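What the coordinates show
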Amino acid sequence: MHTNLNTGQLVRLSAEEPQVWAEAFTRWSRDTEYIRLLDDAPAQAWSVTKRKQWLEKELEDPERSYLFGIRTLTEDQLIGFVGLDGIQHTHGDTWVGIGVGDRNYWSKGYGSEAMRLILRYAFTELNLHRVSLGVFAYNTRAQRAYEKCGFQLEGVIHQAFLREGQRWDLLNMGILRAEWLAQNGKGLE
Amino acid sequence: MGQDLYAGKLVRVKAVDSQKLAEALSHWGRDSEYWRLLSTGPAGLYTVKGTKEWLEKSQEKDPPSELIFEIHTLDDDRLIGETGFDGIRWQHGDTFIGIGLGERDDWGKGYGTDAMRVMLRYAFTELNLHRVSLDAFEYNPRALRTYEKVGFKQEGRARQFMLREGRRWDLIFMGITRLDWQAIQNGE
């Protein structure tokens, strides 16, 4: 019971004020590549104020209480977010979403570690049975990271996206508690 | 042109009368099997008033993200179920579809298959969508057969997604694209 669930080697999960979220999301979303790797909604430019109002409403939803910031341990910099949504406690299932908004921190293990932290939280604190996610076929970097964290490819939703004039598949992935425990169980108290 | 998009061979889809559909849904839900075949959410009991408010709220958005219809029999205009598109993503031309028939006596008679065909035709030839998606439950083989009959293909499964009756069941991802649908209409 001595593990700090919120902290890894590179990053920690953090709570953030709506104002900080709004500024960060607005800054990150100026990079349309980031947004298009993250979300199927049309990339849009929102003001800090509009985003803050939207967030404050969103965060009222008890389901959204599992939205965390990703902060670097060395400089305490907010570089992204990770969150659980669509939790179904009756079935022990949740969806997870993650985004590293600051490009300087891509492909350096920050996102993978944040994902590992949220999986540990999902399986050992929320005691869920499985975690699901969707990833776009053109986001191969994310697919590799998810596989590294133990996710398995479970489905290919054909031609679910239209972007850059081309149809793309949506890949659904999942990890079961038993699989996670088999890979990570030893490190737990 | 000239075809009545809302009518099939056995059923017709009609606009939602929120009072009447709320009464029907509240009644159908007394049989827990209705919700358990329709939704991953816990089966619950819902009042007519609460259901009516929920229905009306879901229709407020413009354009609606959810398009609900009532299913009526063609021969005696009886309200037997509901069907709807939800999670429409216009920019990608994709939607999810859901369908439920209220009374057990109406199951297995082709009403659901016919309603699904009407809805697919509407999705592909009026809404001009590119694909229609649904998630089916492993424990509902009747629905799986229906979906496959109208052209849906299995695209994968979320393993052990649901816990019901003390065991784990997969959620089965299914989809049909406009090209697949068109090929079926052309008898290919």
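If you're wondering where the values come from, they're calculated on a predicted model, not measured in any experiment.

**As for the interface of chain A and chain B**
Residue-level contacts link 28 residues of chain A with 22 residues of chain B. Carbon and sulfur atoms supply 45% of the area buried between chain A and chain B, which totals about 2100 Å² over both sides. Connecting chain A to chain B are three salt bridges. Of the charged contacts, one joins Arg159 of chain B and Glu179 of chain A as a salt bridge, the two residues approaching to 2.5 Å between their closest N and O atoms. At the boundary of chain A with chain B, the tally comes to 23 residue pairs in polar contact (both at pLDDT 80 or more). Those elements that provide at least two residues to the side of chain A that touches chain B are β4 (93-100), β5 (130-136), β6 (152-163) and β7 (166-176) of chain A. Take the side of chain A that touches chain B: its biggest share by element is 11 residues, from β6 of chain A. Its residues placed into classes, the side of chain A that touches chain B shows 10 nonpolar, 11 polar and seven charged.

**Let's talk about the pattern of salt bridges**
With the rule as written, the count across this model stands at 27 salt bridges over all chains. For the salt bridge of Asp76 of chain A with Arg71 of chain A, the shortest nitrogen-to-oxygen distance reads 3.8 Å. As a salt-bridge pair, Lys52 of chain B and Glu56 of chain B come within 3.8 Å of each other at their nearest N and O atoms. Within this pair, Lys52 of chain B and its partner Glu56 of chain B are both found in helix α3 (residues 48-58), separated by four residues, close to a single helical turn. Relative accessible area serves as the criterion here: at 26%, Lys52 of chain B is assigned to the partly exposed category. Looking at Glu56 of chain B, the relative accessible area reads 38%, which means it is partly exposed.

**Description of helix α1 (residues 18-28) of chain B**
Where α1 of chain B is concerned, the buried positions are Ser18, Leu21, Ala22, Ala24, Leu25, Ser26 and Trp28 of chain B. Taken together, the buried residues of α1 of chain B touch α2 (32-38), α3, β2 (66-73) and β3 (79-89) of chain B.

**What to know about the side chain of Thr146 of chain B**
Tracing the sequence through the fold places Thr146 of chain B in helix α5 (residues 141-149). In this structure Thr146 of chain B touches Gly112 and Thr113 of chain B, once residues within four positions along its chain are discounted.

**Concerning the environment of His2 of chain A**
All names here are of chain A. One can find His2 in the segment before β1 (11-14). Judged by its relative accessible area of 73%, His2 falls in the exposed class. A C-alpha to C-alpha distance of 37 Å links His2 and Phe136, two positions 134 residues apart in sequence.

**Remarks on the packing of aromatic side chains**
Overall, the coordinates contain 23 aromatic pairs over all chains when judged by the stated rule. On the numbers, 4.9 Å between centres and 90 degrees between planes, the contact of Tyr105 of chain A with Tyr110 of chain A is edge-to-face. Comparing Tyr105 of chain A with Tyr110 of chain A shows no difference in burial state: the two are buried. Consider the rings of Tyr139 of chain B and Trp169 of chain B, whose centres lie 5.4 Å apart with planes at 80 degrees: the pair is edge-to-face. Of this pair, Tyr139 of chain B sits in the loop between β5 (131-137) and α5 while Trp169 of chain B sits in strand β7 (residues 167-177), and the two are 30 residues apart along the sequence. Its end group placed over the ring of Trp169 of chain B, Arg167 of chain B keeps NZ or CZ at 3.6 Å from the ring centre.

**Thoughts on the nonpolar core**
By size, the foremost hydrophobic cluster in this structure holds 50 residues, and its most contacted members are Phe85, Tyr147 and Phe152 of chain B. With nine residues, the top contributor of residues to this core is helix α4 (residues 111-125) of chain B. Apart from the residues lying within four places of it in its own chain, the contact partners of Phe152 of chain B are Ile97, Met116, Leu120, Val132, Ser133, Leu134, Tyr147, Met174, Gly175 and Ile176 of chain B. Formed by 48 residues, the second largest nonpolar core is a distinct cluster that contains Leu13, Ile35, Phe81 and Leu126 of chain A.

**Structural notes on α5 of chain B**
All names here are of chain B. Looking only at α5, the buried set comprises Ala143, Leu144, Thr146 and Tyr147. One side of α5 carries all its buried residues, which in axial view fall inside an arc of 160 degrees. Facing away from the buried surface of α5 by more than 90 degrees, the exposed residues are Arg145 and Lys149. Trailing α5 by a residue or two, Gly151 shows a phi angle of about 115 degrees, which is positive.

**Re the confidence of the model for chain B**
Any segment with low pLDDT has predicted coordinates that should not be analysed in fine detail. Of all residues in chain B, 99% attain a pLDDT of 70 or more, and the chain-wide mean is 95. Across the predicted assembly, pTM comes out at 0.90 and ipTM at 0.86.

The rules we used
- Residues numbered from 1 in each chain as written.
- Chains lettered and ligands numbered in written order.
- Predicted model: local features only at pLDDT ≥ 70, side-chain atom pairs only at ≥ 80, totals over all residues.
- Heavy atoms only, no water.
- Contact = heavy atoms within 4.5 Å.
- Buried area = accessible area lost by both parts, 1.4 Å probe.
- Salt bridge = Lys/Arg side-chain N within 4 Å of Asp/Glu carboxyl O.
- Polar contact = N/O pair within 3.5 Å; in protein donor to acceptor, adjacent residues only side chain to side chain.
- Helix = DSSP H or I, 4+ residues; strand = E, 2+ residues; numbered from the N terminus.
- Nonpolar A, V, L, I, M, F, W, Y, C, P; charged D, E, K, R; others polar.
- Buried < 20%, exposed > 50% of the residue type's maximum accessible area, 1.4 Å probe, protein only.
- Phe/Tyr/Trp six-rings, centres within 6.5 Å; stacked < 30°, edge-to-face > 60°.
- Lys NZ or Arg CZ within 6 Å of the ring centre and 35° of its normal.
- Core = buried A, V, L, I, M, F, W, Y, C linked by side-chain atoms within 4.5 Å.
- Arc of directions from axis to C-beta.
- pLDDT = per-residue confidence, 0-100.

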